[in-house]
Amino acid sequence: MTNTKAARLNRECFCITLDQKALEKSLRDQFPDADHESSGIPELQHLFSNTAVFVPEADMSTMERIVQAIESATGLPGYQEQVLSWAPNIAGFDPGPIGAFMGYDFHLGPDGPQLIEINTNAGGAFLNAELARAQHQCCNPSQQSGSSNPALDGFEDAVFAMFKHEWQTQCGDSTPGRLAIVDNDPKSQFMFPEFQLAQRLLLDRGLDTLILDPSELEYTNGRLTADGKPIDMVYNRLVDFALEAPAHALLRQAYLDGAAVVTPNPRVHALLADKRNLTLLSAPQCLRDWGLNEADARYLEKAVPRTRLVSREDATALWEARRKLFFKPVASHGSKGVYRGDKMTRRVFENILEDDYIAQELVPAGERNVRIDDTITSRKVDIRLYTYAGKRLLAAARVYKGQTTNFRTPGGGFAPVFQV
């Protein structure tokens, strides 16, 4: 974002735009049965930044266009054949749904948006919608308060329509009777408040919604149930993307039998979010050979950092180039097990060679200056687009320090995006 209005504002605007009282009231209203102190609705000091992140409108449009190019590429038969060759067998089953709440993460810099990662079951959308509505206007007169933010208009309706469409791609022109948000021990999850917000949104639109651990599911006679109640649809928040764990066997079988609509499902993860796929998305000529149109290929050529699989045969070249690489495990989620090459020891590198990793060209994160205790300090920034069917549902930023995104940074956390 060098030499743009957004870059200047990210350096020089120290407005506290978060209306914390408004945010707390909104969360209390939606969790009326919970005992919430101000510090626990939910852990505001960790989840949310006090300041917004400024992003050029042109970059927002470019990121949306990159998402569309990626999803066009993932529909190519040649691409799918290659991806499914390394995916778990369950990914070969295609029941129809295309995946609720895809997440595309970007770093912004002088070369435009750079794709860092693609996620299924991307967390934070519901929390970020609440955050974006609880904003004061800042010193930039072009910005409006969260209550009049046009980007939020229709968010809840779009989310409900997304789940309805996921259902109908598998079950035709009908509606589900009951949906379950499923994760392991959901009340212990960092994003449990997110599950509650999703539940409230769907309940308000007439869809009975439960929050369940997989152990609460039963599957007999072709019907998925919980406590005797039929479960028609599952909003899948598990990070066991192929449903391979023994604890998920019943859900896996119900999914394969078509007894319940599961979204996002193993096929969606295999086609879009498996980190090995970045080796294909960063190879535009290969995509052209498979039939990707020239416009889409050029967007990906510019936006997807070159990525390669880590192998012992390539060890010497990788070690020599490590300072310009970022190493990510193929099977992990979030920031677990990732390493910047310029901070990696030889011992860590040897361990990586024994595991399944990709090496991605290092793309510096954007920056946001914040004021903490009267001291100006710099934080890193990435931008996440929450999408469905290639269209943006919401944009949000994450502010952090260190080598990966986290929610332990003073002044950091989720932040709203102000377009300029």
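These lines cover the structure that appears in this document, whether it is placed above or below. Being a predicted model, the structure only gives us computed values, none of them experimental.

Our next topic: the side chain of N236. When you line up the elements, N236 lands in strand β9 (residues 233–236). One polar contact links the side chain of N236 to the main-chain carbonyl oxygen of P264, over a distance of 3.0 Å. Discounting chain neighbours no more than four positions away, the residues touching N236 are N121, V182, L243, V262, T263 and P264.

Okay, unusual backbone geometry next. Cis geometry is adopted by the peptide bond preceding P264, which originates at T263 and carries an omega value of -10 degrees. Structurally, P264 is set in the loop between β10 (261–263) and α10 (266–273). Its identity is not glycine, yet D185 carries a phi of approximately 45 degrees, on the positive side. Looking at where D185 falls in the secondary structure, it is placed in the loop between β4 (178–182) and α8 (192–204).

So, about the sheet that holds strand β13 (residues 339–340). Ordered by their spatial adjacency, four strands build an open sheet running β11-β14-β12-β13, and the pairing between neighbours is antiparallel. What marks the edges here is a single partner per strand, and that holds for β11 (307–309) and β13. In the sheet, strand β12 (residues 325–329) pairs with β13 via two bridges, with the strands oriented antiparallel. Bridge pairing in β13 places F326 opposite R340.

One pass over the full model with this rule turns up two cavities of 30 Å³ or more. The calculated volume of the largest cavity comes to roughly 40 Å³. Tallied by class, residues from the lining of the largest cavity come to four nonpolar, five polar and no charged. Within this model, the second largest cavity holds a volume of roughly 30 Å³. E117, I118, L272, A273, D274, K275 and L278 together form the lining of the second largest cavity. Among the elements of the structure, β3 (114–119) and α10 are those that each provide at least two residues to the lining of the second largest cavity.

Right, let's get into the nonpolar core. Of all hydrophobic cores here, the largest spans 43 residues; its most connected members are F101, F126, F155, F163 and F414. For F163, the residues in contact, after removing those within four places along its chain, are A100, F101, L179, L202, M233, Y235 and T263. Listed in part, the 41 residues of the second largest apolar core include M63, V330, I358 and A415.

As a further point, take the packing of aromatic side chains. Evaluation of the coordinates by the stated rule reveals 10 aromatic pairs. Ring centres 6.3 Å apart and planes at 75 degrees place the aromatic pair F126 and F155 in the edge-to-face group. In this pair, F126 is assigned in helix α6 (residues 125–133) and F155 in helix α7 (residues 155–171), connecting sequence segments 29 residues apart. Classification of F126 as buried rests on a relative accessible area of 4%. According to the relative accessible area criterion, F155 is buried, its value standing at 3%. Residues W319 and F349 carry aromatic rings whose centres are separated by 5.1 Å and whose planes lie at 50 degrees to one another, so their mutual orientation is tilted. Within this pair, whereas W319 is found in helix α14 (residues 315–320), its partner F349 is found in helix α15 (residues 346–353), the two being separated by 30 residues in sequence. Across the pair, F349 and W319 agree in class, each one buried.

So, about the pairing of strand β7 (residues 223–226). When strand β6 (residues 217–220) meets β7, the two strands line up antiparallel, connected through four bridges. Counterpart to L217 in the pairing with β7 is A226. Here β6 folds back onto β7 in antiparallel fashion, the turn holding two residues, of which N221 has a positive phi close to 50 degrees. Both β7 and strand β8 (residues 229–230) contribute to a ladder of two bridges, which runs antiparallel.

So, about the pattern of salt bridges. For the structure on display, the rule yields 23 salt bridges. Note that R384 is salt-bridged to D105, the shortest N-O span being 2.7 Å. In this pair, R384 sits in strand β16 (residues 375–388) while D105 sits in strand β2 (residues 102–107), placing the two residues 279 residues apart along the sequence. Taken as a pair, R384 and D105 share a single burial class, namely buried. With its nearest N and O atoms 2.8 Å apart, the salt bridge here joins D274 to R276.

A word on the sheet that holds β6. Ordered by their spatial adjacency, three strands build an open sheet running β6-β7-β8, and the pairing between neighbours is antiparallel. Strand pairing shows two members of the sheet lacking a second neighbour, β6 and β8, which therefore form its edges.

What counts and what doesn't
Residues numbered from 1 in each chain as written. Predicted model: local features only at pLDDT ≥ 70, side-chain atom pairs only at ≥ 80, totals over all residues. Heavy atoms only, no water. Helix = DSSP H or I, 4+ residues; strand = E, 2+ residues; numbered from the N terminus. Polar contact = N/O pair within 3.5 Å; in protein donor to acceptor, adjacent residues only side chain to side chain. Contact = heavy atoms within 4.5 Å. Pairing = 2+ DSSP bridges. 1 Å grid on protein atoms, 1.4 Å probe; cavity = no way out; pocket = protein on both sides within 12 Å on 5 of 7 lines; lining within 4 Å. Points joined across faces, edges and corners; volume = space filled by probe spheres on them. Nonpolar A, V, L, I, M, F, W, Y, C, P; charged D, E, K, R; others polar. Core = buried A, V, L, I, M, F, W, Y, C linked by side-chain atoms within 4.5 Å. Buried < 20%, exposed > 50% of the residue type's maximum accessible area, 1.4 Å probe, protein only. Phe/Tyr/Trp six-rings, centres within 6.5 Å; stacked < 30°, edge-to-face > 60°. Salt bridge = Lys/Arg side-chain N within 4 Å of Asp/Glu carboxyl O.

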